[in-house]
Amino acid sequence: MDISRLEKLSESAWRLSPRDGMRAPAIIYAAETLVSEMDDKVLEQIANVAKLPGVARAAYAMPDAHWGYGFPIGGVAAFDADEGGVVSAGGVGFDVSCGVRTHLTGLTPDQIHAVQDDLAAALYEHIPVGLGAEGELRLDDQEMTAMLSGGARWAVERGFGREEDLLRIEERGRAVDADPAEVSEFARKRQRREMGTLGSGNHYLEVQEVVDIFDPVVAEGYGLKRGECVVTIHCGSRGLGHQIGTEFLREMAVSAPALGIALPDRELACAPIKSDLGRRYLGAMRSAINCALANREIIGHLTRQVFARFFQHGELPLMFDVSHNTCKVERHAVDGGTRDLYVHRKGATRAFGPGDERLPESLRAFGQPVLIGGSMGTGSFVLAGVTTSEERAFSSACHGAGRRMSRHAATRMWGGRQVVDDLRAQGIIVKSPSMRGVAEEAPGAYKDVGAVVDSAEASGLAKKVAFLRPMICVKG
DNA sequence: ATGTCC
């Protein structure tokens, strides 16, 4: 990206003032090196987002931003329903409510090492993974509706997971105002056999060691101890969310002219929040959020079953579960007052600061855990929300390392087998049904996650709490 | 992300 087009606000914040139909500025939060490495498309896309009706304050790109469908991945934008604001299927993303959860294990790396190969094999065997993977569960239409309405709470009621998990899930495990009636028959059909499955692409389950603590007080508050292991699960709403995204993107693109919306890019298809189409999308999208929350709760349950075979204490309490592809109604400061806004976070994590009443009491003093998935070789971070993030980016932060190159480019650079062997030499066991998928996800295909989170911290979006190094990776 | 083109 040509950085000379941007106004430098600080070492890690860059602004494009409104032009060419932009209704608000575009702001990129990242150190100069990361901004320079970003594709020009990121700036073009975030500027286009700032052209949409009812956009509030500014459109933002997080430090891990990269080119996406319409909106960049790592994009945040909020819209005001009373100002003609819109909701956009492309602004949420195809994998609705894709997200991350981390379970504590209380186990030491030595305990994992003693069973590492067998544990990796058991996790890989017990948790369905890969494109088109099916689980043991079969949902009839009535159960599908209950799941789409109940989220992780539905899963717990059916015996998958524990009541106490719900307090450690965003929105207490359930998106309210979901409308399962707006989820098509085909979307339901695609999901019938896919509950409790990990999926493919960048989705994974990892056993990780906490190797660095940056903020001892917050780490203790989260239950993270140096030299202990955690399990992190990254997945979303599988075929159902994808189908909802596909259907509504198409309908929004077709309907835009009639709804009086001039799209700067067809991929930015959207509908007024106060329209029938907008309301229907929100009802379906919230159902997909519940699908993802239920899916991760079931996978957490399956993980506990495997750990119970190997260890006496297989409780695996949930530290936190947070989505990074969502649209949520939140109250934020705008123009000297506060407004209810529809905050789109696509490849961006909600990051409430300390004291926020929407956080569970046990976490409120520390700020919200922000779970950052790095690549399978380089490791992951746990961050904490900070109060400055509200004015900087509607209480949002990055979500991962961000791709450095396309999947296709990665397969030209690496072979899957070679990546697996290289990681094994570093003590990391990778299990995957797809060697091509592993090549696409090679550590070198991602940006330096450390540089990304340093930028997030410098930008006042979140602060570093802990660094996690993978030991076992089950990869889709 | 995705039974990578219902």
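Before reading on, note that the structure itself is shown above.
Residues numbered from 1 in each chain as written. Chains lettered and ligands numbered in written order. Predicted model: local features only at pLDDT ≥ 70, side-chain atom pairs only at ≥ 80, totals over all residues. Heavy atoms only, no water.

Our next topic: the protein's contact with DNA strand B. By nearness alone, 18 residues border DNA strand B, and Arg190, Gly201, Asn202, Arg238 and Arg407 come closest of all. Backbone atoms, meaning sugar and phosphate, form 56% of the atoms of DNA strand B found within 4 Å of the protein. In this structure, a phosphate oxygen belonging to DNA strand B sits 3.1 Å away from a side-chain N or O atom of Glu194. Within the backbone of Ser200, a nitrogen or oxygen atom sits 2.8 Å from a phosphate oxygen of DNA strand B. The greatest single-element share of the surface near DNA strand B, amounting to four residues, is contributed by helix H9 (residues 238-255). Looking at the surface near DNA strand B, its residues break down into three nonpolar, seven polar and eight charged. (Near = heavy atom within 4 Å. Polar contact = N/O pair within 3.5 Å; in protein donor to acceptor, adjacent residues only side chain to side chain. Helix = DSSP H or I, 4+ residues; strand = E, 2+ residues; numbered from the N terminus. Nonpolar A, V, L, I, M, F, W, Y, C, P; charged D, E, K, R; others polar.)

Our next topic: the packing of H9 against helix H10 (residues 276-310). Contact pair H9 / H10: the axes reach a minimum separation of 9 Å and the direction vectors enclose 165 degrees. As judged from the angle between their axes, H9 and H10 are roughly antiparallel. For the pair H9 and H10, the crossing hand works out as left-handed. On H10, the residues touching Arg238, Leu240, Gly241, Ile244, Phe248, Glu251, Met252 and Ser255 of H9 are Leu277, Arg280, Tyr281, Ala284, Ala288, Cys291 and Asn295. (Axes fitted to C-alpha atoms, helices over the stretch in contact; angles between N-to-C directions. Parallel < 35°, antiparallel > 145°, perpendicular 65-115°, else oblique. Left-handed = near helix turned anticlockwise from the far one by under 90°. Contact = heavy atoms within 4.5 Å.)

To continue, consider the side chain of Ser237. Residue placement: Ser237 occurs in the loop between strand E9 (229-235) and H9. Judged by its relative accessible area of 0%, Ser237 falls in the buried class. Not counting residues within four places of it along the chain, the set of residues in contact with Ser237 comprises Asp95, Val96, Gln191, Ala288, Cys291 and Ala292. (Buried < 20%, exposed > 50% of the residue type's maximum accessible area, 1.4 Å probe, protein only.)

Overall, mixed pairing links the seven strands, which are arranged E1-E2-E3-E4-E5-E13-E12 in an open sheet. A strand with exactly one partner marks an edge of an open sheet, and here the two such strands are strand E1 (7-10) and strand E12 (325-334). Geometrically, the sheet is characterised by an average inter-axis angle of 25 degrees between neighbouring strands, direction not taken into account. By the bridge criterion, five bridges tie strand E5 (residues 73-79) to strand E13 (residues 337-346) in an arrangement that is antiparallel. Paired with Ala77 across the bridge in E13 is His344. (Pairing = 2+ DSSP bridges.)

Moving on to the pairing of strand E2 (residues 13-16). Where E1 lies against E2, three bridges are found, and the strand directions are antiparallel. Bridging across to E2, Lys8 finds its partner in Trp14. The antiparallel hairpin formed by E1 and E2 contains two residues in its connecting segment. With three bridges connecting them, E2 and strand E3 (residues 26-28) associate as antiparallel partners. Following the sheet pairing, Arg15 is matched in E3 by Ile27.

For the coordinates displayed, the defined rule picks out zero disulfides. Considering cysteine sulfurs only, Cys473 is the nearest to Cys229, which forms no disulfide, with 15 Å between them. Take Cys473: it sits in no disulfide, and the sulfur closest to it among the cysteines is that of Cys235, at 13 Å. Looking at Cys473, the relative accessible area reads 0%, which means it is buried. (Disulfide = S-S within 2.5 Å.)

What follows concerns the side chain of Glu330. Looking at where Glu330 falls in the secondary structure, it is placed in strand E12. Polar side-chain contacts of Glu330 include one of 2.9 Å to the side chain of Arg345.

A turn of α-helix holds 3.6 residues, and therefore any two residues three or four places apart point the same way. Buried within helix H16 (residues 449-458) are the following residues: Val449, Gly450, Val452, Val453, Ser455 and Ala456. Looking at the packing, one finds that the buried side of H16 touches helix H1 (32-37), strand E4 (59-66), strand E15 (369-372), strand E16 (380-385) and strand E19 (462-475).

This part covers the pairing of strand E7 (residues 99-104). Counting buried residues in E7 gives six out of six residues, a clear majority hidden from the surface. As defined by bridge partners, E7 adjoins E9 across six bridges and the pair is classed as antiparallel. Opposite Thr102, over in E9, you have Thr232 as the bridge partner. Note that E7 and strand E11 (residues 318-323) share five bridges and pair antiparallel. Note on E11: the bridge partner recorded for Thr102 is Phe320.

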